[in-house]
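Residue-level listing of the chains:
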Amino acid sequence: MRDILLFLSGLLTIVCVIPYCIDIVKRQTKPRIVSWFNWTLLTGIATAAAIADKQWPSVVLTGSATAATMMIVILGIKYGDTKIEPLDVVCQIGAVIGLVLWLVFNSPLIAIIMSVGIDFLVGLPTYKHAYKKPHEETKLTFIIAFVAALLALLAIDDPQASGLIFPIYLSLANLLIISILQFSPNIVSAKPKAKAQA
């Protein structure tokens, strides 16, 4: 059962970006590249840390997330929002600091904790974008990613902080974006604008 849950979690984590990528090509979704690039970097760090700590459910989830977000970065460079803001620079520096701290302290747990904190910070441009322009995000992607993170949690049979932190965080982070997209006050005004552009 655990292997099935792991397989489904990894599969859904990759599949979830397909609707997002399709909408990018259609110019309906405009990803904030800074967020997605840093998510790729940070989930890569979390994957390496989870491998070092032999937390395989977390490895499957974060490893799949790294591949999935990288696909969005590649497409987003051509179609997305590549503007660099001061917060983006700060977050990028923070990501590097997280990697350095892991190397200095040789602690997978520190790497994962740093990655989660920085991951939230680099997500702020996307959270802001989802709030202001919900019609430029693909909610289905975040719903599927939320389910994938929950499946990874269910697959954990030896609960340790290093294995639990990132799946729990990804569940909550995706739930936050889903909530923003669902309840943004701009969603009503966004619909007529979307029709006018069609």
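Described below are features of the structure shown in this document. Given the structure is predicted, the values throughout are model-derived calculations rather than measurements.

1. Some remarks on the overall build of the protein
In step 1: For the protein, the helix and strand inventory stands at 9 helices and 0 strands.
In step 2: Counting helices and strands in the order they occur from the N terminus, the protein gives α-α-α-α-α-α-α-α-α.
In step 3: Out of the 198 residues in the protein, the part that is buried amounts to 48%.
In step 4: In the protein, the share of contacts with a sequence separation of at least 24, taken over all contacts with a separation of at least 6, comes to 82%.

2. Regarding the side chain of His-129
In step 1: If you trace the backbone, His-129 turns up in helix 6 (residues 108-132).
In step 2: Taking relative accessible area as the criterion, His-129 reaches 9% and is therefore assigned buried.
In step 3: Not counting the four nearest positions on each side in its chain, His-129 is found in contact with Lys-30, Arg-32, Pro-134, Glu-136 and Glu-137.

3. Here we look at helix 3 (residues 33-52)
In step 1: In this model helix 3 runs 29 Å from its N-terminal to its C-terminal C-alpha over 20 residues, within 8% of the 28 Å that 1.5 Å per residue would give.
In step 2: With 14 of its 20 residues buried, helix 3 lies for the most part within the structure.
In step 3: Immediately beyond the C-terminal end of helix 3, within one or two residues, lies Lys-54, with a positive phi of roughly 60°.

Conventions used here
Residues numbered from 1 in each chain as written. Predicted model: local features only at pLDDT ≥ 70, side-chain atom pairs only at ≥ 80, totals over all residues. Heavy atoms only, no water. Helix = DSSP H or I, 4+ residues; strand = E, 2+ residues; numbered from the N terminus. Buried < 20%, exposed > 50% of the residue type's maximum accessible area, 1.4 Å probe, protein only. Contact = heavy atoms within 4.5 Å. Expected span 1.5 Å × (residues − 1).

These values are about where atoms sit, not about what they do.
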